[in-house]
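Read off the chains here:
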Amino acid sequence: MVITLNVILSVLLSAFHLTSFMSFSAAISNPIATTHDLGTAKNEMEKANHFTFVTLLNMSPANQIPGNITFLMPNDRTLAEVTIPENSVLDFLLMHSIPSPLLFDDLTHFPTGSVIPSSEPDYVLRITNNARRSFLLNDARIISPNICTSGKSIRCHGIDKVLTATSSVPPSPACSSDVPIPTAPPEALPATPSPQPMAQFIFTPAAASRPTGLPVHPHKSGASREPSLKKILGYLVSWMTITTLIV
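A. Geometry of the packing of helix α2 (residues 35-47) against helix α3 (residues 51-59). α3 packs onto α2 with a crossing angle of 155° between their chain directions and a minimal axis gap of 8 Å. In terms of their interaxial angle, α2 and α3 are classed as roughly antiparallel. Touching K42, M45 and E46 of α2 are F51, F53, V54, L57 and N58, all from α3.

B. Representation of α2 in the model. Compared with an ideal rise of 1.5 Å per residue, which puts 13 residues at 18 Å, α2 spans 19 Å between its outermost C-alpha atoms and is within 8% of the ideal. If you check which residues of α2 are buried, you get D37, L38, T40, A41, K42, E44 and M45. Buried residues in α2 make contact with α3, β1 (69-74), β6 (140-148) and β7 (154-159). Positive backbone phi, approximately 65°, marks N49, located one or two places after α2.

C. The arrangement of the confidence of the model for the protein chain in detail. The share of residues in the protein chain with pLDDT of 70 or more is 54%, and the mean pLDDT across the chain is 73. Within the protein chain, the element-level pLDDT minimum falls on helix α1 (residues 5-29), averaging 46, and the maximum on β1, averaging 98. Segment residues 7-12 is flagged for pLDDT under 50; beyond a separation of four residues in sequence, or across chains, it makes one contact in the model. Every residue in residues 192-226 scores below 50 in pLDDT, and together they form three contacts with partners more than four places removed in sequence or on other chains.

D. Seen up close, α3. If you check which residues of α3 are buried, you get F53, V54, L56 and L57. End-on view of α3: buried residues confined to an arc of 155°, all on one side of the axis. Buried-residue contacts for α3 involve α2, β1, α4 (76-79) and α5 (89-95).

E. A look at the pattern of salt bridges. What the rule picks out here adds up to one salt bridge. With a closest N to O distance of 3.4 Å, D105 and R132 form a salt bridge. With D105 in helix α6 (residues 104-107) and R132 in the loop between β4 (123-130) and β5 (134-137), this pair connects stretches of sequence that are 27 residues apart. By relative accessible area, D105 is classed as partly exposed at 44%. Judged by its relative accessible area of 58%, R132 is exposed.

F. Region of the structure containing the side chain of S119. Tracing the backbone through its elements, the reader meets S119 in the loop between β3 (115-117) and β4. Of the residues examined, S119 reaches a relative accessible area of 16% and is grouped as buried. Side chain to side chain, S119 and S97 meet in a polar contact 2.8 Å long. Among all residues touching S119, those that are not within four sequence positions of it are I69, L94, S97, I98 and P99.

G. Layout of the side chain of T70. Structurally, T70 is set in strand β1. A distance of 2.5 Å separates the side chain of T70 from the backbone oxygen of S100, its partner in a polar contact. There is a polar contact of 2.7 Å between the side chain of T70 and the backbone nitrogen of L102.

H. Broad picture of the environment of L57. Residue position: L57 is located in helix α3. A relative accessible area of 2% places L57 in the buried class.

I. Summary view of the pairing of β1. Extensive coverage of β1 is indicated by the burial of six of its six residues. Burial along β1 is two-sided: the residues I69, F71 and M73 and T70, L72 and P74 are all buried.

Calculation criteria
- Position numbers for residues start from 1 in each chain and track the written sequence from start to end.
- Residues qualify for local features only when their pLDDT is at least 70, as the model is predicted, and side-chain atom pairs are given and counted only at 80 or more; totals for whole chains, interfaces and linings, by contrast, use all residues.
- Excluded from the side-chain calculations are hydrogens and water; all other atoms, namely the structure's heavy atoms, are used.
- Only C-alpha atoms enter the line fits that serve as axes; for helices the fit covers just the stretch in contact. Angles between N-to-C directions range over 0 to 180 degrees.
- Note on conventions: DSSP H or I runs of at least 4 residues are helices, E runs of at least 2 residues are strands, and numbering of each starts at the N terminus.
- Angles are sorted into four bins: roughly parallel if under 35 degrees, roughly antiparallel if over 145, roughly perpendicular if 65 to 115, and oblique for all others.
- Contacts are assigned to residue pairs that have any heavy atoms within 4.5 Å of one another.
- Expected helix span is taken as 1.5 Å per residue step, with the number of steps being one fewer than the number of residues.
- Only protein chains enter the area calculation, which uses a 1.4 Å probe; residues under 20% of their type maximum are buried, those over 50% are exposed, and those in between are partly exposed.
- Values of pLDDT, ranging from 0 to 100, describe the predictor's confidence in every residue of the model.
- Think of it as the arc spanned by the lines of direction from the helix axis to the C-beta atoms.
- Within this document, salt bridges are pairs made up of a side-chain nitrogen of Lys or Arg and a carboxyl oxygen of Asp or Glu, the two lying within 4 Å of each other.
- Any N or O atom pair separated by 3.5 Å or less is treated as a polar contact, with the protein-specific requirement of one donor-capable and one acceptor-capable atom, and with residues adjacent in sequence counted only for side-chain atom pairs.

Structure representation (structure tokens):
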């Protein structure tokens, strides 16, 4: 039986995802960072000049910072340009973290297009993986990998900007009725001349023309249209003649 390279890669990728899932499950079973690991991570952050991120960690209650976590830290210059309300500091830290302790080499196993959860339940991180040349989480690039490595449950990496988190709820697909159907633009109608003022349209009836080819006998003025006496007498004589013949 021949096993193709695609099958082998699929099995390895499934095994890696299963391992990642087990790591995430461990984060749930041990939700609070230990004081020792958190202190160790803060020391490593300060050595890498991430003082502002350490200040944000100090502003958050230690019992609300989860263990088994990877922090994604914007540098001090970037954070100086961001206003974070005091009651949103913990949310900011959770959005800038992954609920599993991952070194940079672990992250590079995720192919481009992978979506992994942040520690903030409503947000996810989309990966663009060009290995060490350019590894992006959403729109932020890892520029200082593996800053926190000494502790057992906390890892951290420096990123070049504040993360723009993506909602974990995918947008609902558009219904077919919502998809616009392209239509051809309507043909241009011929321009209609603007109506002229009625005063310019004064109609005069044409004079009735006489039929051509027929003799015209104009009546003389004073002449009567009634039958003449001679015609009446002619009608009577004809009628009497016909009556005599019949009798």
